[in-house]
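Coordinate inspection notes
Letter by letter, the chains look like this.
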Amino acid sequence: MSIPEQFSNLRLPLVAAPMFLVSGPELVIETCKSGVVGTFPALNERTSEGFENWLNQIESALAGSADAAPFGVNLIVHKTNPRLKDDLELIVKHKVPLVITSLGAARDVVDAVHSYGGLVFHDVTNIRHARKAAEAGVDGLIAVCAGAGGHAGTLSPFALINEIRQFFNGTLLLAGCISSGRDIATARMLGADLAYAGTRFINTRESRADDAYKAMIQACGAGDIVYTPKVSGIPANFLQPSLARAGLLDDDSPSRHKADVGAELAGAGEEAKAWKTIWSAGQGVGSIKDQPPVSELITRMRREFNDASNGFNRDNSRFME
Ligand SMILES: Cc1cc2nc3c(=O)[nH]c(=O)nc-3n(C[C@H](O)[C@H](O)[C@H](O)COP(=O)(O)O)c2cc1C
């Protein structure tokens, strides 16, 4: 197990995951100030210039907090992302502490981030991609398991974590339905170093999600999450009422169009428009009943983490040697 030394000041073994259209500087700043890694997708700003403005905003807000956790940026490493080169140059210029790569794990991206001492984590849903990313030299792998928000996987966390551990000694993160401090403790019991949570952070005061989106999350349970390729071309989890409203539940065509990151840019593509009204969330929604400020959520999670960790030892002691 390994948590990088750059993360030595974390107050909870948790990364708040990057979310398209949801994560902005407000969420990142409050998360980092509370001692948890905050992240956002570079594509949440329409242009590379706007992306750099966000970097400046986050850096200056965190400059005064000596004990703030590091922040991270999600970079789509795919030929259809026309901003890849420019955004990577900005990442190097600003020495972004953590880069989370999606779709492709490329050796040259890893080398560029390592050149200034940054870390690269890559998200995977299967073993084949995990092996490729490990070969590209990433520092961490994010096991995106069944029930996660966004482009989730289909594998059980027990299966994915244990198989990845057989060939990967770097930092291992677990994603999918992590909503409480107890869930974070459980992720570590399962063999992950860090937990990775998205959906829980949609329902915070600082997220950019619509009020109606947050309300729908509070009204839904795991049974209301539909795993479908119809919105992106790649299977992802969506809130059933938002799919129904868009008429996509009755449409049995296999998918509307192929994945094209270029079309997500500028908030103008069909993909971006779709994600504005068809709302993604993971199966963990059933545990989410409020919209607290991030600092309050993390304080609560720390208490739950402590109680769960102490409780595990106490309750398991009669089976332990
Ligand atoms: C609304 C939404 C948008 C997302 N957008 C992205 C994204 O732009 N890039 C990315 O790498 N992952 C994205 N994800 C996936 C998350 O980073 C993370 O893997 C996932 O939310 C973890 O599962 P959980 O939601 O059950 O906690 C998104 C997830 C959600 C719910």
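Heads up: these notes are all about the structure in this document. (Residues numbered from 1 in each chain as written. Predicted model: local features only at pLDDT ≥ 70, side-chain atom pairs only at ≥ 80, totals over all residues. Heavy atoms only, no water.)

This part covers the side chain of K230. If you trace the backbone, K230 turns up in the loop between strand 9 (225–228) and strand 10 (236–239). Here the side chain of K230 touches L248 through a polar contact of 3.2 Å, landing on its backbone oxygen. (Helix = DSSP H or I, 4+ residues; strand = E, 2+ residues; numbered from the N terminus. Polar contact = N/O pair within 3.5 Å; in protein donor to acceptor, adjacent residues only side chain to side chain.)

Let us now look at the packing of aromatic side chains. Considering all chains together, one arrives at six aromatic pairs under this definition. Pairing F7 with F121 gives two aromatic rings, centres 5.9 Å apart and planes at 75 degrees, and the pair type is edge-to-face. Residue F7 is found in the segment before strand 1 (14–16), and its partner F121 is found in strand 5 (residues 119–124); the two are separated by 114 residues along the sequence. Of the two residues, F7 and F121, both sit in the buried class. Geometrically, the ring pair formed by F238 and W275 is edge-to-face, given 5.4 Å between the ring centres and 70 degrees between the ring planes. Of this pair, F238 sits in strand 10 while W275 sits in helix 12 (residues 270–277), placing them 37 residues apart in sequence. With a relative accessible area of 0%, F238 lands in the buried category. Take W275: its relative accessible area is 13%, and that puts it in the buried class. In this structure, R131 packs its charged tip against the face of F167, placed 4.3 Å from the ring centre. (Phe/Tyr/Trp six-rings, centres within 6.5 Å; stacked < 30°, edge-to-face > 60°. Buried < 20%, exposed > 50% of the residue type's maximum accessible area, 1.4 Å probe, protein only. Lys NZ or Arg CZ within 6 Å of the ring centre and 35° of its normal.)

Turning our attention to the site of the ligand. Taken together, 22 residues form the shell around the ligand, and within it P18, F20, N74, C177 and T199 come nearest. Residue G149 places a main-chain N or O atom 3.1 Å away from an oxygen atom belonging to the ligand. Within the complex, 92% of the 600 Å² of free accessible area of the ligand lies under protein. Looking at the shell around the ligand, the elements that each hand over two or more residues are strand 8 (194–197) and helix 8 (199–202). (Near = heavy atom within 4 Å. Areas by Shrake-Rupley, 256 points an atom, 1.4 Å probe, with all protein chains shown as cover.)

One finds I164, F201 and L239 to be the most contacted residues of the largest nonpolar core, which totals 77 residues. No other element matches the seven residues that helix 13 (residues 294–316) contributes to this core. Once residues lying within four places of it in the same chain are set aside, the contact partners of F201 are L14, A16, M19, L27, T31, S207, V294, L297 and I298. Core analysis: the second largest hydrophobic core is formed by 18 residues, A69, L98, A152 and L173 among them. (Core = buried A, V, L, I, M, F, W, Y, C linked by side-chain atoms within 4.5 Å. Contact = heavy atoms within 4.5 Å.)

Further remarks concern the packing of helix 2 (residues 48–63) against helix 3 (residues 84–93). Axis separation between helix 2 and helix 3 bottoms out at 10 Å; the angle between their running directions is 20 degrees. The orientation of helix 2 relative to helix 3 falls into the category roughly parallel. Where helix 2 crosses over helix 3, the handedness of that crossing is right-handed. In contact with S48, F51, E52 and L55 of helix 2, helix 3 contributes D86, D87, L90, I91 and K93. (Axes fitted to C-alpha atoms, helices over the stretch in contact; angles between N-to-C directions. Parallel < 35°, antiparallel > 145°, perpendicular 65-115°, else oblique. Left-handed = near helix turned anticlockwise from the far one by under 90°.)

Strands sit in the order 1-2-3-4-5-6-7-8 around a closed barrel of eight strands; the barrel is parallel. Here the strands of the sheet are splayed against their neighbours by 25 degrees on average, with no regard to which way each runs. Here three bridges tie strand 7 (residues 171–175) to strand 8, and the two strands are oriented parallel to one another. Looking at strand 8, one finds that L173 is bridged to L194. (Pairing = 2+ DSSP bridges.)

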